[in-house]
Structure formats: C-alpha cells, structure tokens
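For reference, the chains in residue letters:
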Amino acid sequence: MLNIKPKVTLVGAGPGDPELLTLKGVKALAEANVVLYDALANEEILAYAPKNAIKIFVGKQIGNHAYTQDQINQLIVDNALTYGNVVRLKGGDSFIFGRGSEEIEFAESFGIETAVIPGISSVVAVPASQGISITKRGVSESFWAITGTTSDRRLSSDVALAAQSSATVVIVMGMHKLPQIIDLFQKEDKGDLPVAIIQNGTTTEEKIGVGTVDSILNIVKEEVLSSPAIIVLGEVVRESNKRGFTKSFCQRK
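Residues numbered from 1 in each chain as written. Predicted model: local features only at pLDDT ≥ 70, side-chain atom pairs only at ≥ 80, totals over all residues. Heavy atoms only, no water.

Caption draft 1: Geometry of the overall build of the protein. A tally of helices and strands in the protein yields eight helices and 12 strands. Its C-alpha atoms give the protein a radius of gyration of 20 Å, within 12% of the compact-globule value 18 Å for 253 residues. Each of the three principal axes of the protein carries a C-alpha extent, and together these read 70 × 35 × 35 Å. Within the protein, the proportion of its 253 residues that are buried is 48%. Taking as baseline every contact in the protein between residues at least 6 positions apart, the subset at least 24 positions apart corresponds to 66%. A total accessible area of about 13,000 Å² is found for the protein, and carbon and sulfur atoms account for 50% of it. (Helix = DSSP H or I, 4+ residues; strand = E, 2+ residues; numbered from the N terminus. Rg over C-alpha atoms; globule rule 2.2 N^0.38 Å. Buried < 20%, exposed > 50% of the residue type's maximum accessible area, 1.4 Å probe, protein only. Contact = heavy atoms within 4.5 Å. Areas by Shrake-Rupley, 256 points an atom, 1.4 Å probe, with all protein chains shown as cover.)

Caption draft 2: Expanded view of a nonpolar patch on the surface. A cluster of nonpolar side chains, contributed by Ile-96, Phe-97 and Met-173, occupies part of the molecular surface with about 260 Å² of accessible area. In this fold, Met-173 is placed in the loop between β9 (168-172) and α6 (178-187). Judged by relative accessible area, Met-173 falls into the partly exposed class, the value being 44%. (Patch = residues over 30% accessible without salt bridge, like charges linked within 9 Å, V, L, I, M, F, W, Y side chains within 5 Å. Salt bridge = Lys/Arg side-chain N within 4 Å of Asp/Glu carboxyl O.)

Caption draft 3: Structural context of the nonpolar core. Ranked by internal contacts, the top residues of the largest apolar core, which has 23 residues, are Ile-171, Phe-185, Ile-197, Ile-231 and Leu-233. Mapped by element, the contributors of at least two residues to this core are α5 (158-163), β9, α6, β10 (194-199), α7 (216-223) and β12 (229-233). Sorting elements by how many residues they give to this core places α6 first, with four residues. Other than its neighbours up to four places away in sequence, Ile-231 contacts Val-169, Val-170, Ile-171, Gly-174, Met-175, Leu-178, Ile-181, Val-195, Ala-196 and Ile-197. (Core = buried A, V, L, I, M, F, W, Y, C linked by side-chain atoms within 4.5 Å.)

See the structure below:
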C-alpha cells in the first residue's frame, strides 16, 4: 500500500499570459498528482503538470459555476487525502480576490500540509502590460484595488470611497456594475477622469477601450467589451507610455 502524504499547494497562475507563471509555480505543477484549475488559469499552463496527473476543472464563470466554493474546498481535501500532492491553480494571485485563504484554511483543518506560491496579480500586471503605471511620482501616490461585485452580488461600497480620492482605482469583476461605477465618479464631478478597460489582458484575445468617465460607456459598446476585464480609473491612464495609447485617449475623450 502506498504511503500517501497529502499536501495542497496554492499556485497563482498569473494574469493570463502563460509565460507570466513563476518558476516556482512551474516546479510545483511538475510534482502534482492532481491539479484543480479555475476558469482564469490559462490551460496551456497545465502542460507543466505530469501527463498522468489528474486534471479537474473547477472554474466559476458568470452563469456557469461548475462547483460551489464549499464543493471546491472538499474536492481539494478529498484529492489530497486520496492521491497526495494537489496543486490548486488559480488565476492571478490566489490571495487577491481569489478565496485562496479560505481553501488553505479548510485544508489545514484536516491537518494537511499546505504551501502558497504567489502569482502575478492582474491588478498590477494588466495595466502594466499597457504601459499604465498605477502609481507614478507626481501623478498618483497610491491605488485602490477593489472587487466590483461582492459575495452578495452587490457593488462594493469601497468604490464610492475610492471615487472621492486622488488615487488610481483598479476594479476587477466590475463590468456588470460599470454604469453604477461611472455614476459614482460622475457624482464626484470626475467626468473628465481618464479610464481604461482591458479585457483578457496579457492574452492573444486582449481588447482595450480608452476614454473618460463620461465617455467610457459608449466606448464599451463600440468596442464590444465584456468580462473578464480590468477597469482602471485615474490620471495614470493618460500617462501610458505605450505607443498609440495616449493618442487613442486624446481622440476619444
């Protein structure tokens, strides 16, 4: 009988480009007996796992929840106890809007060894890929990172607070709440504030819309932008050093 040593390793898969997976993440996948992966983890990354490793899709997409969070937690534990080394592969960084801490805590409640390998978060990587530095000396001293949709499907109350600040605001999972978000910024008299929306950032399916608080809803319609996307609001959007980006903003503001 095999001596099973259960272990769960949380691996952040990065923002979408498979080459943005960390080397430590690659090594963890190479040792996996089971990989549980979500909808935001680029499936090319699964090639780093052994061919005989069990691969289970447990992603949650709008209108398509393969498993509830409680079911995912139980799957992680069951597979670790049965097969040993489980890698839980999650998009971006597991501890930034990824419920990673919940999964680790559940596994540890069964006495299972755990490890966390951070991932490159889409919060910073997706704007950076478009030359948007979310902090910049003389422009923005700080940034807000906010989930647009809370666990009870409402817009986070932090958005209203962020709209009052001079910081860059980065919102994930917010496309379905975009009209509400825009309304909050307009109430703060920020209609001219630059906005960038980057869909499927760092991937070959990437799409971008750039404008202002007052114009971005029309641009979203023109460019047919939808989830998953990062919403960036702030003067740093105007400062993008990517060729053609500033020109696009000037044409559409």
